[in-house]
Structure formats: structure tokens, C-alpha cells
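Coordinate inspection notes
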Amino acid sequence: MAEVLVYVDHVDGAVRKPTLELLTLARRIGEPVAVALGAGADATAAVLAEHGAVKVLTADAPEFTEYLVVPKVDALQAAYEAVSPAAVLVPSSAEGKEIAARLAVRIGSGIITDAVDLEAGDEGPVATQSAFAASFTTKSRVSKGTPVITVKPNSAPVEAAPAAGAVEALAVTFGALATGTKVTGRTPRESTGRPELTEAAIVVSGGRGVNGAENFHLIEALADSLGAAVGASRAAVDAGWYPHSNQVGQTGKSVSPQLYIASGISGAIQHRAGMQTSKTIVAINKDAEAPIFDLVDYGVVGDLFAVVPQLTDEIKARKG
Amino acid sequence: MSLRIVVCVKYVPDATGDRQFTEDLTVNRDDVDGLLSELDEYAVEQALQIADEADDAEITVLTVGPEDAKDALRKALSMGADKAIHVEDDDLHGTDVMGTSLVLAKAIEKAGYDLVITGMASTDGTMGVLPAILAERLGVPQVTLLSEVKVEDGTVTGRRDGDTASEQLEASLPALVSVTDQSGEARYPSFKGIMAAKKKPVESWDLEDLEIEADEVGLEGSWTKVDSAAQRPARTAGTIVKDEGEGGKQLAEFLAGQKFI
Ligand SMILES: Cc1cc2nc3c(=O)[nH]c(=O)nc-3n(C[C@H](O)[C@H](O)[C@H](O)COP(=O)(O)OP(=O)(O)OC[C@H]3O[C@@H](n4cnc5c(N)ncnc54)[C@H](O)[C@@H]3O)c2cc1C
Ligand SMILES: Cc1cc2nc3c(=O)[nH]c(=O)nc-3n(C[C@H](O)[C@H](O)[C@H](O)COP(=O)(O)OP(=O)(O)OC[C@H]3O[C@@H](n4cnc5c(N)ncnc54)[C@H](O)[C@@H]3O)c2cc1C
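All figures in this text were calculated on a predicted structure; none of them were measured in a lab.

1. Points about the overall build of chain A
Secondary structure assignment for chain A yields nine helices and 17 strands. On C-alpha atoms alone, chain A measures out to a radius of gyration of 21 Å, which is about the 20 Å that the 2.2 N^0.38 rule sets for 320 residues. Dimensions of chain A along its principal axes, counting C-alpha atoms only, are 60 × 45 × 40 Å. Here chain A holds 320 residues, and the buried ones make up 60% of them. By sequence separation, contacts in chain A at least 24 residues apart represent 65% of the contacts at least 6 residues apart.

The structure is reproduced here in C-alpha cells:
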């Protein structure tokens, strides 16, 4: 059976959920061979094996952290040459997309980004993409070279499928471009203890209607009552009420949770671009004409300062 | 010595219009107004700021697109760019990101450059990968997704706010930079700027000028193929209630019914 390379997104050996979803998709088109780079790469093997990786290629070197993106491309290319896979799958993070893109140029292949589904086809894997702020669904494939496809989080279920997952060291030689962009400083993002925005099953977002950083605790309290991640509109982020890393939308994170709750958000096209594929959408907005109501499964026309705390209390009461 | 900046700008259908695909599954550019991709305004803005700080700099804006794409160039010129290059050729219709990046790379090399600046993503394709591909093709450092950028003494530095960390980056020129919409509000063209833009040079190049064969680009030469495009069915109308004191509780009831609680 054809092998499929899966690029592993992990933090010090802890594999992030989108990679496990990729393994599910990879098994539809072949046998997954995972590529894990950097500190903790070896530690990823157990969980990758549990989810279907027949092999785990690992490499660590200071270059991966000291320089931007390109050393990882060199490594993925080495894996590509070693395996000659039928396809290369990469999680659709900002960095993942850049790694995939540069690999595609090097191996003379087409690239598809932000796939939301993947299936085997007669002429290679067929990817489903969501276009124009999710108002269209397209099916495409790579017609030249080995398909390089990046896949959005929450595009497939995580499934157990035990496989060998034998760890093999990957030999990497860094090219001249690898050291082009130096990372001279790094400030890790502080963990809030809440689920990661793009991976969360429930996202609770606040917008301009929240009316101040000091009121975002209302949104956080609702999120915590549901075990949800917190999102924000660009208006709220631009006003400095919430960090940019929590922005949902075209230029923020794109989320596709089971449940999305928007409070005090009007539903501009750029915001919709990042949340329209959510399974169930709920909005609280005092303006009955707000465009967000066109999307909702359930909407409350009302003042969020009254509705949100009542909702939070009720959820807590029901959960006991 | 003069700092040569090339800014790549894309002409896109207005995101607030009713965007559609045509029969050949390419973007319908006839029924929706086109404009300079809003995210590329940030690239033009950063170029203008970098040029202001430099002793001597020249900003060229570059687009690959149909006839109307000149509008995007005019807008960038009216913001303050010095000159423009329009790569236009009937054979470019339907080109994918590999083809577009090939054309841009050849045009940038022909124009001459020290610094290339792009937006973080277009507002139509929204792939966000073209900058990295261009850096690979040009063989220069990629300093991408910057929310802050500075060029001094032949070095570009910037801040990249990533998923798990905020990184400080540094590279020597020539280099490719992409900027996010956090990099600073783009200026509005002044009346004077709009008038001046009418007199600024816009060069037109075709595939032959760039020594690119027609079969390397366009729909036929594409590295990817779109097999179908279907409009998502409109969401069925949801339940909307007016809060009369029980709105939060009613919503909780709905969430419980959906098994979220
Ligand atoms: C290139 C580009 C990229 C962009 N990218 C993004 C992006 O990634 N994400 C994003 O979100 N936006 C993005 N935007 C901005 C977008 O166009 C909107 O400006 C933004 O989404 C508006 O945020 P908002 O809904 O919070 O604010 P508004 O549009 O001002 O809406 C606030 C809403 O709150 C309601 N409200 C006010 N008070 C209350 C109350 N007490 N109770 C209940 N409701 C109340 C109001 O009725 C209103 O509907 C982008 C724009 C551009 C041009
Ligand atoms: C809905 C949709 C889906 C698509 N999916 C794919 C796909 O999966 N694979 C594929 O290969 N192609 C795809 N394309 C085609 C692709 O978007 C275009 O070929 C395009 O020019 C490059 O991608 P982008 O605009 O998304 O670039 P991005 O990477 O999003 O753009 C980043 C920056 O590159 C610069 N730039 C981009 N295009 C131009 C241009 N024409 N002229 C000047 N500067 C430019 C701008 O500075 C821009 O801000 C898709 C197009 C659409 C409309």
C-alpha cells in the first residue's frame, strides 16, 4: 500500500489534535508515515502509533528552533526523498502551510491548502475546500507531482488504529537557505488552561458589544461553564480588550467547533469567514437586524449583560 | 544606494459582494466589483513607512491579473508608491498558486529588488502560502507574517505572532517580507495622491517579456484542478427569541436539548 507522509505538529512531544485527525485522513489514502521534528520528537511515537502511524521519522537539531521554517522544509524534503510517498499531509497552521508550500515548490508539485475533507479518488486524493467565507464547497486535486495538502483542524475524527509506529532517525542536511531567517527571540504564549481555540469543541466569542476589557470576564465565565475556548472579534481585539491570538475570522483563527456562541458580534463577512463552518451557531445581540442572525440555529435578541450571566448561571445549575 | 522595494498586490472581487465561480470553475470577475485586496493595503503601508525611513527608496507595486487589475495598482500608487508593473496575458486565466508565484518571481527578478513585501493572504484565494513560495523561488530569506517590521543597514527585523509563541526575526537583504493586518492601519489616499497617481508610470508585461511558456501557467498548465464548486445551501432559519427576562434560561434549554450541557 502507498505510504503517506504526515507532518507532526507537537509541543515538546505532546502531539496536537489536528495531527491525529490527519492520521485518520491519511489512512483513507494509504499507510501513514509520520515526520516529527525538534525537541521531544521521539516522545510522539507512542500516540502516533496508536492512531495509525506505521513508522515515525524523527530528527532534532538546533536549527529547528534557531531559524524560521526552512530547516523544517529541509527535513520534510529528506523524509519525502526517503519514502517517495503518494501524498504529503500537513496541518493547516500558519507555519504548517508555509512548510508545505515550500516543499511543494521543491518537489515540483501542486498544493491544496485548508482542506476540510479528504477522500481517495481515481486520480489521487480529492480534497474538499471551503471558499469565499464558506459560501462555496469545492472539490479539487493536485494534477502535477505528489499531492501536498494542508488540512484544517476539526476536519476528521480522531480514531484509534494501532500500528507499529517504529521510530527511525531521519538524516537531514540543511541547505544554504536554512539559516536565512534567524529567530533572535521567542516569548511563549501563556497558557490560560482553556482549550486551544482551533481545536476546541465549543467556542464562546465576544465582540464590540462586550464594551471593554473589564467585561470580558463575562465571556470567560460562560466559556468556563462549558469547558470552551474564548474567541474575540477583530473589533474587540483592535480595541485592546482581548489578545490577537484569540481573534476569530479571516485574519485570525479559523474555527469549526460543534458549538459557536457569539455575543455582541455583528457577523461581518470577515468574521464569518472564520466561524461559518461551526456545526451549531448561537448568537446574543441586542440588534435584531444584525447579520449574525442569518447564520444562527438559535439567537437571542437582547442585552448580553443580562443574557450571558443568566445563561452561565443556568448552565452551572444544570451541571450541578 | 537606493532601496528597491517591490510590493505584490492582488486584485480581488469585493468580499462583501456576491462572489461566484464561473463555468470553468474559476473566479467570476465580471459580476462583482474588484479592488485591491484589503490585506495588501497593509503591505503598501509598510513599504511606504520603510521608504520614509530610508535615505533613498523606490517602491514598485506589482500585480498579476486581468485588465481591470490596473485599478489595484492605481490605488497603491495613490497611496504613495512610485511606479507599477502589470503582468497581463490571456494565457494567465485560471493560473494557480504555483503558476502565479512563478510569474511573480520572474517579474520581480526582471524589475530588480532588495526587498519584496506581500500581504499575509489574499481575500479571495486566502491560501496564505504565496509569500513562502516566492521566497523559495527567489532564494531569499522569508520573514513572514510580521506584525512589526523595520529595515535598517541592510537588515530586516520583525515580530511574528505565532500559534504558540511570539518570535523576533532577523534577516539580511535581499529578503521577502509578508505583513499581517496587525502591522498598522493603512493610510487613505489623499486627493493629491490620487491626482499624482494618474501621472505615475504603469508598465505592462506579458508572458513573453518574462520568458514564460503559456503551458507553464493558466488553467491547462495548473498544478491543481478544481473538479466541482457548489454553493453551500443557505442555513435553515434558526429560532430567534427576544429576551424578556428569560433569554439566558431559554438559551440554556436549547443547549441542553442539543446535549451541550
Ligand atoms: C481585511 C480585513 C480583515 C478582517 N479580519 C477580521 C477577522 O479576522 N475577524 C473579525 O472579527 N473581523 C475582521 N475584520 C473586521 C470586520 O469587518 C468587522 O469590523 C468586525 O468583525 C466587527 O466586530 P464586531 O462584530 O465585534 O463589532 P460591530 O460590527 O461593531 O458589532 C458589535 C455588535 O454588538 C452588538 N451589541 C452592542 N452592545 C450590545 C449589548 N450590550 N448586548 C448585545 N449586543 C450588543 C451590536 O448590536 C453589534 O451588532 C476584518 C476586516 C478587514 C477589512
Ligand atoms: C477559493 C479559491 C481557492 C483556491 N485554491 C487553490 C489551491 O488549493 N491551490 C492552488 O494552487 N491555487 C488555488 N487557488 C488559486 C490561487 O489562490 C491563486 O492562483 C493566487 O494568485 C495565489 O494564491 P492566493 O491569492 O490565495 O495567495 P495568498 O498566498 O493568499 O496571497 C498572499 C499574498 O501574495 C500576493 N499575491 C497573491 N496573488 C497575487 C497576484 N496575482 N499578483 C500579485 N500579488 C499576489 C499578495 O501580496 C497577497 O497578499 C484558489 C483560488 C480561489 C479563489
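2. A short note on the interface of chain A and chain B
Contact with chain A, which involves 87 residues of that partner, is made by 80 residues of chain B. With both chains or domains summed, chain A and chain B bury close to 7000 Å², and 56% of this area falls on carbon and sulfur atoms. When the area that chain A buries against chain B is broken down by residue, the three leading residues are Phe132, Phe136 and Tyr298 of chain A, summing to 11%. Applying the counting criterion to the chain A and chain B interface returns 10 salt bridges. Here Asp227 of chain B and Arg141 of chain A are joined by a salt bridge, their closest N and O atoms 2.8 Å apart. Our enumeration of links across chain A and chain B arrives at 47 residue pairs in polar contact (both at pLDDT 80 or more). A total of nine residues in the side of chain A that touches chain B trace back to one element, the largest contributor, which is helix α5 (residues 94–107) of chain A. Of the residues contributing to the side of chain A that touches chain B, the split by class is 37 nonpolar, 28 polar and 22 charged. With seven bridges connecting them, strand β9 (residues 136–142) of chain A and strand β12 (residues 224–231) of chain B associate as antiparallel partners. Bridge pairing in β12 of chain B links Val142 of chain A to Thr224 of chain B.

3. Side note on the packing of aromatic side chains
Evaluation of the coordinates by the stated rule reveals six aromatic pairs over all chains. Taken together, a centroid distance of 5.1 Å and an interplanar angle of 25 degrees make the contact between Phe132 of chain A and Phe21 of chain B stacked. Of the two residues, Phe132 of chain A is situated in the loop between β8 (126–131) and β9 and Phe21 of chain B in the loop between β2 (11–13) and β3 (34–36); the pairing between them involves two chains. For Phe132 of chain A, a relative accessible area of 6% translates into the label buried. Centre to centre, the rings of Tyr298 of chain A and Phe254 of chain B are 4.6 Å apart; their planes meet at 25 degrees, and the pair counts as stacked. Of this pair, Tyr298 of chain A sits in strand β17 (residues 298–301) while Phe254 of chain B sits in helix α7 (residues 247–257), which puts the two residues in different chains. Each member of the aromatic cluster is reached from another via a ring pair, and the members are Phe132 and Phe136 of chain A together with Phe21 of chain B. Between Lys144 of chain A and the ring centre of Trp223 of chain B, over which it is positioned, the NZ or CZ distance is 4.0 Å. The ring of Trp205 of chain B carries the charged tip of Lys110 of chain B above its face, separated from the ring centre by 5.0 Å.

4. Details of the packing of helix α3 (residues 97–111) of chain B against helix α4 (residues 130–138) of chain B
All names here are of chain B. Put simply, α3 and α4 touch, their axes get as near as 9 Å, and they point 50 degrees apart. As far as their axial angle goes, α4 and α3 are oblique. Of the two possible hands of crossing, α3 and α4 adopt the one that is right-handed. Taken together, the residues of α4 that come into contact with α3 (itself represented by Val97, Met98, Thr100, Ser101, Leu102, Leu104, Ala105, Ile108 and Glu109) are Leu130, Ile133, Leu134, Arg137 and Leu138.

5. Digging into the site of ligand 1
Close to ligand 1 lie 27 residues, the nearest being Arg208, Ser233, Gln247, Ser266 and Gln270 of chain A. Residues within reach of ligand 1 are spread across chains A and B. At 2.9 Å, a backbone N or O of Arg234 of chain A approaches an oxygen atom of ligand 1. Compared with its free state, where it exposes 980 Å², ligand 1 has 83% of that area covered by protein. Most atoms of ligand 1, that is more than half of them, are within 2 Å of grid points of the second largest pocket. When residues of the shell around ligand 1 are traced back to their parent elements, those giving at least two are α7 (234–238), α8 (269–272) and α9 (304–319) of chain A together with α1 (38–53) of chain B. For the shell around ligand 1, a count of residues per class yields seven nonpolar, 14 polar and six charged.

6. Regarding the layout of surface pockets
Estimates place the volume of the second largest pocket at around 940 Å³. What lines the second largest pocket is a set of 39 residues, among which Arg208, Arg234, Ala235, Ser266 and Ala268 of chain A lie closest to the centre. Every element with two or more residues in the lining of the second largest pocket is listed here: α7, α8, β16 (280–285) and α9 of chain A together with α1 of chain B. Broken down by element, the lining of the second largest pocket gets its largest block of residues, four residues, from α1 of chain B. The class makeup of the residues in the lining of the second largest pocket is 12 nonpolar, 15 polar and 12 charged.

7. Here we look at the site of ligand 2
In the vicinity of ligand 2 there are 31 residues, among which Ile111 of chain A together with Cys8, Lys10, Asp40 and Ser122 of chain B approach most closely. At the site occupied by ligand 2, nearby residues are drawn from chains A and B. Taking Thr100 of chain B, its side chain carries an N or O atom lying 3.2 Å from an oxygen atom of ligand 2. One of the backbone N or O atoms of Thr126 of chain B is found 3.3 Å from an oxygen atom in ligand 2. For ligand 2, the accessible surface in isolation is 910 Å², of which the surrounding protein chains cover 92%. Residue assignment for the shell around ligand 2 shows that the elements contributing at least two residues are β7 (111–119) and β8 of chain A together with β4 (57–64), α3, β6 (115–119) and α4 of chain B. Classifying every residue of the shell around ligand 2 gives 15 nonpolar, 12 polar and four charged.

8. Things to note about the pattern of salt bridges
Any two side chains of opposite charge can pair, given that their charged atoms come close. This model, assessed by the stated rule, comprises 36 salt bridges over all chains. With a closest N to O distance of 3.5 Å, Lys253 of chain A and Asp163 of chain B form a salt bridge. Separated into two different chains, Lys253 of chain A in the loop between α7 and β15 (259–263) and Asp163 of chain B in the loop between β8 (155–161) and β9 (165–172) make up a pair that spans both. Owing to a relative accessible area of 28%, Asp163 of chain B belongs among the partly exposed residues under this scheme. Bridged by salt links that share partners, the residues Asp9, Arg16, Glu196, Glu199 and Lys253 of chain A together with Asp163 of chain B form one connected network.

9. Side note on the UniProt feature "domain: Electron transfer flavoprotein alpha/beta-subunit N-terminal" (unreviewed entry) in chain B
Within this structure's numbering, the places UniProt gives as "domain: Electron transfer flavoprotein alpha/beta-subunit N-terminal" (unreviewed entry) are residues 24–214 of chain B. The span residues 24–214 of chain B shows a helical share of 30% and a strand share of 29%, and its end C-alpha atoms are spaced 18 Å apart.

10. Description of the pairing of β8 of chain B
Residue and element names in this part refer to chain B. Burial of the side chains of β8 is restricted to one face: Val156, Gly158 and Arg160 are buried, whereas none of Thr155, Thr157, Arg159 and Asp161 on the reverse face is. In this structure, strand β7 (residues 142–152) lies alongside β8, joined through six bridges in antiparallel fashion. The residue of β8 that forms the bridge with Val149 is Gly158. Turn length for the β7-β8 hairpin, with the two strands adjacent in sequence and antiparallel, is two residues, and the turn residue Asp153 shows positive phi of about 50 degrees.

Reading the values: the criteria
Residues numbered from 1 in each chain as written. Chains lettered and ligands numbered in written order. Predicted model: local features only at pLDDT ≥ 70, side-chain atom pairs only at ≥ 80, totals over all residues. Heavy atoms only, no water. Helix = DSSP H or I, 4+ residues; strand = E, 2+ residues; numbered from the N terminus. Rg over C-alpha atoms; globule rule 2.2 N^0.38 Å. Buried < 20%, exposed > 50% of the residue type's maximum accessible area, 1.4 Å probe, protein only. Contact = heavy atoms within 4.5 Å. Buried area = accessible area lost by both parts, 1.4 Å probe. Salt bridge = Lys/Arg side-chain N within 4 Å of Asp/Glu carboxyl O. Polar contact = N/O pair within 3.5 Å; in protein donor to acceptor, adjacent residues only side chain to side chain. Nonpolar A, V, L, I, M, F, W, Y, C, P; charged D, E, K, R; others polar. Pairing = 2+ DSSP bridges. Phe/Tyr/Trp six-rings, centres within 6.5 Å; stacked < 30°, edge-to-face > 60°. Lys NZ or Arg CZ within 6 Å of the ring centre and 35° of its normal. Axes fitted to C-alpha atoms, helices over the stretch in contact; angles between N-to-C directions. Parallel < 35°, antiparallel > 145°, perpendicular 65-115°, else oblique. Left-handed = near helix turned anticlockwise from the far one by under 90°. Near = heavy atom within 4 Å. Areas by Shrake-Rupley, 256 points an atom, 1.4 Å probe, with all protein chains shown as cover. 1 Å grid on protein atoms, 1.4 Å probe; cavity = no way out; pocket = protein on both sides within 12 Å on 5 of 7 lines; lining within 4 Å. Sits in = over half its atoms within 2 Å of the grid points. Points joined across faces, edges and corners; volume = space filled by probe spheres on them. UniProt positions renumbered as here; feature names shortened; annotations may be inferred.

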